[in-house]
Each structure stands twice: as C-alpha cells, then as structure tokens.
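Take a look at the letters that make up each chain.
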Amino acid sequence: MRIIAVINQKGGVGKTTITANLGHALQKAGNRVMLIDLDPQGQLTTSLGIFKLPKNGIDSVLLDQASLQTVEIHTRDNNLVLIPAGGRLVEVEHLNDGGVSRATLLDAALQREELDYDYVLLDCPPASGLLSANAIMAADEALIPVSGDYLSLNGVAHLLSTLKKFEALRSKALQQWVVISRFHTRRRLAKEVRTKLLNHFPNKVLMTEIKEAAALAECPAIGRTIFEFRRTSNSAKDFEQLAQDLIERRTH
Ligand SMILES: Nc1ncnc2c1ncn2[C@@H]1O[C@H](COP(=O)(O)OP(=O)(O)OP(=O)(O)O)[C@@H](O)[C@H]1O
Ligand SMILES: [Mg+2]
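All of these numbers come straight from a predicted model, not from anything done at the bench.

Asker: Explain the pairing of strand S2 (residues 33–37) to me, using residue names and the numbers behind them.
Answerer: The buried count for S2 comes to five of five residues, which makes it a mostly enclosed element. Here S2 shows a buried face lined by Val33, Leu35 and Asp37 and a second buried face lined by Met34 and Ile36. When S2 meets strand S4 (residues 80–83), the two strands line up parallel, connected through four bridges. Its bridge partner being in S4, Met34 is matched across the sheet by Val81. Examined bridge by bridge, S2 and strand S5 (residues 119–123) share five bridges and lie parallel to one another. Bridged to Leu35 within S5 is Leu121.

Asker: Report on the packing of helix H6 (residues 105–112) against helix H7 (residues 130–138), specifying residues and quantitative values.
Answerer: The axes of two packed helices give the description: the angle between them and the distance between them. With their axes 7 Å apart at the nearest point, H6 and H7 run at an angle of 45° to one another. The orientation of H6 relative to H7 falls into the category oblique. Mapping the contact onto sequence places Leu105, Leu106, Asp107 and Leu110 in H6 and Asn134, Ala135, Met137 and Ala138 in H7. When grouped by side-chain class, the residues that make up the contact of H6 with H7 number six nonpolar, one polar and one charged.

Each value, and the rule that gives it
Residues numbered from 1 in each chain as written. Chains lettered and ligands numbered in written order. Predicted model: local features only at pLDDT ≥ 70, side-chain atom pairs only at ≥ 80, totals over all residues. Heavy atoms only, no water. Buried < 20%, exposed > 50% of the residue type's maximum accessible area, 1.4 Å probe, protein only. Helix = DSSP H or I, 4+ residues; strand = E, 2+ residues; numbered from the N terminus. Pairing = 2+ DSSP bridges. Axes fitted to C-alpha atoms, helices over the stretch in contact; angles between N-to-C directions. Parallel < 35°, antiparallel > 145°, perpendicular 65-115°, else oblique. Contact = heavy atoms within 4.5 Å. Nonpolar A, V, L, I, M, F, W, Y, C, P; charged D, E, K, R; others polar.

Now the structure itself:
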C-alpha cells in the first residue's frame, strides 16, 4: 500500500484536481484506491459528486477514533473509496493538547485498520498546520503539485524545508515527487519554471505535466472526474500517463 500526500501549502496549485483525477486513473489502471479529503473546505468530496458534506468523515476518525469503514463512501465502485471531510475537520487544526501525537492521528488510524488498498491519496489543505502535519506523518510519499509561475517556485522551497523538519520525526524517509500542474504549453514563463524545476529536483519531477484545460476546471461543478466528463480529452490522457509515471516511478 502506497500512502501519498498530495501537498503544497500554496493554494490553487491543483492538489484537489490531481487527487480526484489521478485517483480515478489509478483505479482505472486496476488498483484499489482510497482518497481522503483532509481539507475542511471539502472540495475533494464535492469534486467526486457528494455535494452535501456528510456529517461524519475523516474528522470523526481523527477526533473520535471512529473506524474508516464507518465513514467511507463508495463513490464509483468498491475500488474507488472516498473518506469525506466531515463538518468538524477544522477542529483538528486547533487541538492544543497532545504534543507530537496530535500530528500522528491519521497515521494511527491507518495503522489500526487492516486496509486492503494499493494507493491511499491524501488531499491536503493549503496550509502548513496540523492537518498537513498529519498527512506528512502518515505518508510514505509526497506528491507536490507546482503550477507554472515564479511564486510557486518560492513556495516549493518553503514546503521542502517543512518536509525536512518532519523527516526528523519520521521513522523512514519521505519519498518526494514533483508534478508540474496547470501547465500552459505556449507560455515562455511556464517553460522557464519547468526548466528550473528539472534542474532543482533531478529524479523527482514526474514525466507528465498536467496542462491547463477548461474541461478540468469544469469537472468539480458537476461532480465528475475527467474520465466521466471528457473521456477522450487530452486532459484524460495526461492523467492516465501521470498514473503510469507514479506506478512505474518515471521521472525526468
Ligand atoms: N490543469 C488545470 N486546468 C484548468 N483548471 C485547473 C487545473 N487544475 C486546477 N484547476 C482549477 O483551478 C482551481 C484550483 O484547483 P484545485 O482546487 O485543484 O487546487 P488546490 O491546490 O486543491 O486548491 P486549494 O489550495 O484551495 O485546496 C480550481 O478551480 C480547479 O478547477
Ligand atoms: Mg484543494
């Protein structure tokens, strides 16, 4: 089971879009996939077609030790399972007691159940608080979406230093991957950012870029993934290839 945190404290870089569509692509490639919505905004939950946030979700798992099975939603079939956000998720950010154990609630939850998945993807909020800390502590790998602008390059440096801090608390190293997202193929700036990323992160940048495309922006409003909305689009191909990159660990 590969547990992968889709993480970047910068907002709007494509974390949720990637979690939903990569998750579906991995399932279509024959894997059992669990997606966990760790953002109190619940956008992964709505992106998968659950428009009314369920009362209980990962919040109950983290705050009350509820079992994942009691809150899971089989959004498509048994092989694409969603753990929704839940109404009290923001409370995790405000936990005062418990020291380091406040950051290992998710890790403990995933450990105490016998989960039978190939991939667990964690959609993180745009913040570096306790929810993201829980994702980092529970994950084996971090998938970092970076959009093609200069500010996001600054953001990556900040994120990597946060990941380093947590690495000291973890028992094993966190494998890191960068995915270039919201990529404008014809923009000079986007190409420059891409070149910089490839130089800075040798062997970490996944082969496939996710291009900016109107169809991807339209998906959340109708609660469908790109495979349900535009099955033959270039965006669907991007996500199929990105899934293969991750499966085969294919980088530049
Ligand atoms: N490749 C893309 N092409 C077009 N639109 C995109 C693409 N990726 C994301 N978007 C759109 O950009 C917005 C932000 O994307 P998304 O919600 O995936 O980012 P995020 O990193 O999860 O944001 P947040 O930090 O707020 O959680 C959304 O409206 C989404 O539909
Ligand atoms: Mg998001």
